[in-house]
Amino acid sequence: EDDGTEMASIQIFIQEEPECQNLSQNPGPPSEASPNNSHSPLKPRNYQLELALPAKKGKNTVICAPTGCGKTFVSLLICEHHLKNFPHGQKGKVVFFANQIPVYEQQATVFSRYFERFGYNVAGISGATADNVSVQHIIENNDIVILTPQILVNSLNNGAIPSLSVFTLMIFDECHNTSKHHPYNQIMFRYLDHKLGGSPDPLPQVIGLTASVGVGDAKTVEEAMLHICKLCAALDASVIATVRDNVEELEQVVYKPQKISRKVESRASNTFKCIISQLMREAERLAKNVSEELGKFFQIQNREFGTQKYEQWIVAVHKACTVFQMPDKDEESRICKALFLYTSHLRKYNDALIISEDAQMKDALNYLKAFFHDVREAAFDETEQDLTRRFEEKLEELENVSRDPSNENPKLRDLYLILQEEYHLKPETKTILFVKTRALVDALKKWIEENPALSFLKPGILTGRGRTNQATGMTLPAQKCVLEAFRANADNNILIATSVADEGIDIAQCNLVILYEYVGNVIKMIQTRGRGRARDSKCFLLTSSADVIEKEKANMVKEKIMNESILRLQTWDEVKFQKTVHRIQLDEKLLRDSQHKPQPVPDRENKKLLCGKCKTFACYTADIRVVEKSHYTVLGDAFKERFVCKPHPKPKIYDSFEKKAKIFCAKQNCSHDWGIFVRYKTFEIPVIKIESFVVEDIESGVQNRHSKWKDFHFERKQFNPEEMST
Ligand SMILES: [Zn+2]
């Protein structure tokens, strides 16, 4: 949600649809899609039986096997065995955790289809809050529950679920995430406190699934072994299951694509970058002159335009400027607003340079033109007029540079050649193209669509649901639609994706993976490679950076170290392994208990909320009410004077809210986005987002910013309809 709400709640219940009854009519569990098991009931492969064996014996197991080998099916086998083998009169209860919504969706469908014929009840809950349903009720009434892990963490924290003893089996998908403060680890902290505390209640069996346990920062096999032991300790695992007896069979199913690194050249000269850099230097100089005190930020010399580092720096300056204070409030307002505008413009220029580096200059220029168009449509004060004029003075030159064929991006030329060649050899090729940023996804899609020589490509887009800087992520139905189309061989034959799309989503039968200026850690690499499922698949790494190619080589070394470490650990006898794991668990618990932090105490002092852009007073925290746990409104007629409404471009209904309009700061020349206006039951109320405001302590005058409501510890009062009628 981008509008004044923290993560709207999502609940999905898995209905058993009649058309799903016969697995043979469907591709089956997506991980198993392959010619020899398309008939129901599915026949497990030998290596799948091998992987399931320790878990069937009741051991806590980390199952480590390549992406695409059917780990989901292995977990179905374990789950089936577990539920069927309970002594008469007793019942098992399984929970399956999935981190990401698309994965959650896939698993929920697979489990429903598989277990309906045995008469087991399967249900799922996802989303940050489960307002309208009782999690407890769903867990009580179902044999298998699919959850995103935060739901269980919340339910354990608020007492709705008293203990993990309600479950008899817990399965963690992508279990290498069980570290630090990840919800997986928070669940396992409960488990381990329970176990090490000597509680008599039984604990569930624990199964972890992963393509790669990772090695952390390990440089040697010994260090990597310790890293893996720590993961096993976190999951209380006593066995690491890998395929050892049926390697040949596995290799026939999971084909490792040929990996090709290709160094490409950047443009030799770059007039576009020179002009934009000049505009950025000017904007920085103007910003520096606004205020003597804040000018110091802009004196630091060693920043490079067009880098992710510059982005981080400018965001930090932007934040620092919004909480700047002066005795003269009008002056403060003027300075804050001017710096807000300069830093916003600098960010856009920086984005444009990143786009032009990996895509076409034209794309970068269009991105800026769209931004300046929006600026004109909004408040358009003196500072903005000045900045716009400076841009427009250069516009013609920028247009000319962008149109000049000699400025074509040589990287795109290489990409074009690879695509041409592969589709010529194999017209039914299916490609996934990974890029760094959301803006690049759009730029490359346009480049393909506008290039007649690439008319054989039908591009689709896949990005995460996350709330990023400007572009909002893809919604769940949209993601599903794209994945379905890609799978069904229908609309798309190339999918352009950002990194968020690369963990665990099952996209069958893609035979060309292109990593375009893209690099990740070892876990990422193995999973990305797993995408190239089909035979004769290839994986290209395209980069202008020698460092990236080096890093990729380093990742391959890490993978070797990891495999060697697992082999060595598997030679240990079980007692030795369990002792090591137990020792680590005790040490970690000691550390955890000593660091235990008390819950933040809500600050009862009344505070002021000021507009985050112009610093005009907006409301007091005492007038704020919480609606449905995660939405924040403001009472009183006085507040209604301080904002203006504009019709929402995408009105929609979610939960009990009907989104009707966006609200903006009413102060002339400000128009800062404050949130949305909604219909809630019979009320029409504003819903504000805290990131749009600066919080000022009334007595001390100290100002703070919070990007999320949950980080702002003030005394929360619940929305009460009776207050509205008075
Ligand atoms: Zn304002």
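Caption draft 1: Region of the structure containing the packing of aromatic side chains. On inspection of all chains with the given rule, the structure shows 32 aromatic pairs. Relative to Tyr120, the ring of Phe118 lies with its centre 6.5 Å away and its plane at 55 degrees, an arrangement referred to as tilted. Tyr120 gets classed as buried once you look at its relative accessible area, which sits at 17%. Through successive ring pairs, a cluster of aromatic residues spans Phe73, Phe96, Phe111, Tyr114, Phe115, Phe118 and Tyr120. One cation-aromatic arrangement involves Arg117 over Tyr114; the distance from NZ or CZ to the ring centre is 4.5 Å. One residue, Lys576, lies across the ring of Trp572, its end atom 4.3 Å from the ring centre.

Caption draft 2: Layout of the pattern of salt bridges. Taken as a whole, this structure holds 44 salt bridges when the rule is applied. With a closest N to O distance of 3.3 Å, Asp637 and Lys640 form a salt bridge. Of the two residues, Asp637 and Lys640 are both situated in helix α20 (residues 637–640); the distance of three residues between them amounts to about one turn of the helix. In this structure Asp637 comes out as exposed when scored by relative accessible area, which is 56%. Each of Glu282, Asp386, Arg389, Arg390 and Glu393 takes part in a single network of salt bridges with overlapping partners.

Caption draft 3: Summary view of the nonpolar core. Within the largest apolar cluster, 67 residues are counted, with the highest numbers of intra-cluster contacts made by Ile276, Leu415, Leu419, Leu433 and Leu444. The dominant element in this core, judged by the number of residues it contributes, is helix α11 (residues 329–358), at 10 residues. Setting aside its immediate chain neighbours within four residues, Leu444 contacts Asp358, Leu412, Leu415, Leu433, Val435, Ile496 and Tyr516. By size, the runner-up hydrophobic cluster in this structure holds 49 residues, among which are Phe97, Leu152, Val206 and Ile584.

Caption draft 4: Just the pairing of strand β1 (residues 61–64), in detail. Residues Thr61 and Ile63 line one face of β1 and the alternating positions Val62 and Cys64 line the opposite face, and both faces are buried. Pairing of β1 with strand β7 (residues 239–241), which is carried by three bridges, proceeds in the parallel orientation. Bridge pairing links Val62 to Ile240 in β7.

Caption draft 5: Representation of the environment of Phe172 within the structure. In this fold, Phe172 is placed in strand β5 (residues 169–173). Relative accessible area serves as the criterion here: at 0%, Phe172 is assigned to the buried category. For the pair Phe172 and Gly208, spaced 36 residues apart in the sequence, the C-alpha separation amounts to 4.7 Å. When sequence neighbours within four positions are dropped, the list of residues in contact with Phe172 reads Phe97, Tyr184, Ile187, Met188, Val206, Ile207, Gly208, Leu209 and Leu235.

Caption draft 6: The environment of Asp623, seen in detail. Assignment of secondary structure puts Asp623 in the loop between β15 (617–620) and β16 (624–627). A residue is classified by how much of its surface remains accessible, and Asp623, at 29% relative accessible area, is partly exposed. For the pair formed by Asp623 and Leu635, sequence separation is 12 residues and the distance between their alpha carbons is 5.3 Å. For Asp623, the residues in contact, after removing those within four places along its chain, are Thr633, Val634 and Leu635.

Caption draft 7: Layout of the sheet that holds β1. Read across the sheet, seven strands follow the order β3-β4-β2-β5-β6-β1-β7 without closing on themselves; strand pairing throughout is parallel. Of all the strands in the sheet, just β3 (122–125) and β7 have a single pairing partner and so form its edges. Looking at each pair of strands side by side, their axes are set apart by 20 degrees on average, direction ignored. With five bridges connecting them, β5 and strand β6 (residues 205–210) associate as parallel partners. By the bridge assignment, Asp173 is partnered in β6 with Leu209. Docked against the sheet, helix α2 (residues 71–84) engages β1, β2 (94–97), β4 (144–147), β5 and β6, running at close to 170 degrees with respect to β6. Docked against the sheet, helix α3 (residues 101–115) engages β2, β3, β4 and β5, running at close to 170 degrees with respect to β4.

Caption draft 8: Summary view of helix α7 (residues 221–234). With 14 residues, α7 extends 20 Å from end C-alpha to end C-alpha; this agrees with the ideal 20 Å at 1.5 Å per step. Within α7, burial applies to Val221, Ala224, Met225, Ile228, Cys229, Leu231, Cys232, Ala233 and Ala234. Each element contacted by the buried residues of α7 is listed here: β1, α6 (183–196), β7, α18 (546–571) and α19 (574–594). Looking one or two residues beyond α7, the residue adopting positive phi is Asp236, at roughly 55 degrees.

Rules and cut-offs
- Residues numbered from 1 in each chain as written.
- Predicted model: local features only at pLDDT ≥ 70, side-chain atom pairs only at ≥ 80, totals over all residues.
- Heavy atoms only, no water.
- Phe/Tyr/Trp six-rings, centres within 6.5 Å; stacked < 30°, edge-to-face > 60°.
- Buried < 20%, exposed > 50% of the residue type's maximum accessible area, 1.4 Å probe, protein only.
- Lys NZ or Arg CZ within 6 Å of the ring centre and 35° of its normal.
- Salt bridge = Lys/Arg side-chain N within 4 Å of Asp/Glu carboxyl O.
- Helix = DSSP H or I, 4+ residues; strand = E, 2+ residues; numbered from the N terminus.
- Core = buried A, V, L, I, M, F, W, Y, C linked by side-chain atoms within 4.5 Å.
- Contact = heavy atoms within 4.5 Å.
- Pairing = 2+ DSSP bridges.
- Axes fitted to C-alpha atoms, helices over the stretch in contact; angles between N-to-C directions.
- Expected span 1.5 Å × (residues − 1).

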